[in-house]
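So you can see what is in the structure, the chains are spelled out below.
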Amino acid sequence: MADKETLERLKDLTSEARKNILRLCHKGATHIGGDLSMADMMTVLYQYGMKHDPKNPAWKERDRFILSKGHGAGCLYVTLAMAGYFTMDEVLAKYREPGSPFGEHPSGEIPGVEIATGSLGHGLPICVGLALAARLDGRQNRVFTLMGDGETQEGSVWEAAMAAAHYQLGNLVAFVDRNRLSLDGETEKLMKLEPYAEKWKAFGWRVEVIDGHDIAQIVDVFDRLPPPSADQPTIVIGETVKGKGVPSMENDANWHAGSIDAEFLAQSCAELDAARKRERGE
Ligand SMILES: Cc1ncc(C[n+]2csc(CCOP(=O)(O)OP(=O)(O)O)c2C)c(N)n1
């Protein structure tokens, strides 16, 4: 179990990540609502849970991460920058510039990015292949992905889910950002996902349902992961809020994507700082 100091460090980092996500959204339009909802899980993945080396992104024994909801590129860039793959200044300078790999969706040319994503429903199938390859090579690493809940309305996700259980891929761990909103409305109205956890169970997965903004719960998921040699893939359904941390953006599908002005940026960063201070009891 992580000590209090570790949890506080991760909470500080998550608050900083949200501010960087907003800075990027001021530079150019991002998928801001979903960037903010996935920020806690991404921070814990890169700052606590995953085995990786920002100085050696091609390290053979690294855990693999595929951002399946590739439109969450803003949060991915911020997370990778804060982990040390490159600087936040570089991201801010290059984001959406002509010819830049830092586009609205991630390019595979970016250090730490295994493959370009953005077309929904591809991440989990890719991870099944990576997890099978790790098994064949006798490597003890894990393969992680993060999907949007709306994304899991894609049929390819369930084909991969079936395959992962069939091949007993205990080295595969998928996170879902269950913010209950897709591009244009509520997932349950567009294409019902519930009973969601039961569906994954029925497909043969080990299922964890957590508060996707509670750092201690996310850390706990990693602490309790079965070894990569286990025979069941894990799905972590993180219940989240789209736009989390910026009150006027929360739970509003209109903030699926967009950009913000300097005033909005300053006010939102001040709100995030105030919220973190309250949390610390200051
Ligand atoms: C195959 C495919 N169809 C449609 C889109 C357009 N699209 C981009 S984001 C999105 C909504 C995804 O919702 P969700 O996975 O819940 O993401 P989040 O709410 O976390 O941003 C859609 C339909 C796409 N990128 N790929």
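Above this text sits the structure in question.
Residues numbered from 1 in each chain as written. Predicted model: local features only at pLDDT ≥ 70, side-chain atom pairs only at ≥ 80, totals over all residues. Heavy atoms only, no water.

The subject of this paragraph is the site of the ligand. Taken together, 18 residues are adjacent to the ligand, and His-71, Asp-149, Gly-150, Leu-181 and Lys-242 come closest. Asp-149 has a polar side-chain atom sitting 2.8 Å from an oxygen atom of the ligand. Taking Lys-242, its side chain carries an N or O atom lying 2.6 Å from an oxygen atom of the ligand. In isolation the ligand has 600 Å² of accessible area, and contact with the protein removes 77% of it. Among the detected pockets, the ligand sits in the second largest pocket. Taken together, the residues of the shell around the ligand break down into three nonpolar, nine polar and six charged. (Near = heavy atom within 4 Å. Polar contact = N/O pair within 3.5 Å; in protein donor to acceptor, adjacent residues only side chain to side chain. Areas by Shrake-Rupley, 256 points an atom, 1.4 Å probe, with all protein chains shown as cover. 1 Å grid on protein atoms, 1.4 Å probe; cavity = no way out; pocket = protein on both sides within 12 Å on 5 of 7 lines; lining within 4 Å. Sits in = over half its atoms within 2 Å of the grid points. Nonpolar A, V, L, I, M, F, W, Y, C, P; charged D, E, K, R; others polar.)

So, about the nonpolar core. Ranked by size, the top nonpolar core spans 57 residues in total, and within it Met-42, Leu-45, Tyr-46, Phe-65, Phe-144, Phe-175 and Met-249 carry the most contacts. When residues in this core are grouped by element, the largest group, nine residues, is from helix 2 (residues 32–49). Residues in contact with Phe-144, not counting those within four places in the same chain, are Leu-45, Met-50, Asp-63, Arg-64, Phe-65, Ile-66, Cys-127, Val-173, Phe-175, Phe-222 and Leu-225. Core analysis: the next-biggest nonpolar cluster, separate from the first, contains 24 residues, Val-157, Ala-161, Leu-172 and Ile-235 among them. (Core = buried A, V, L, I, M, F, W, Y, C linked by side-chain atoms within 4.5 Å. Buried < 20%, exposed > 50% of the residue type's maximum accessible area, 1.4 Å probe, protein only. Helix = DSSP H or I, 4+ residues; strand = E, 2+ residues; numbered from the N terminus. Contact = heavy atoms within 4.5 Å.)

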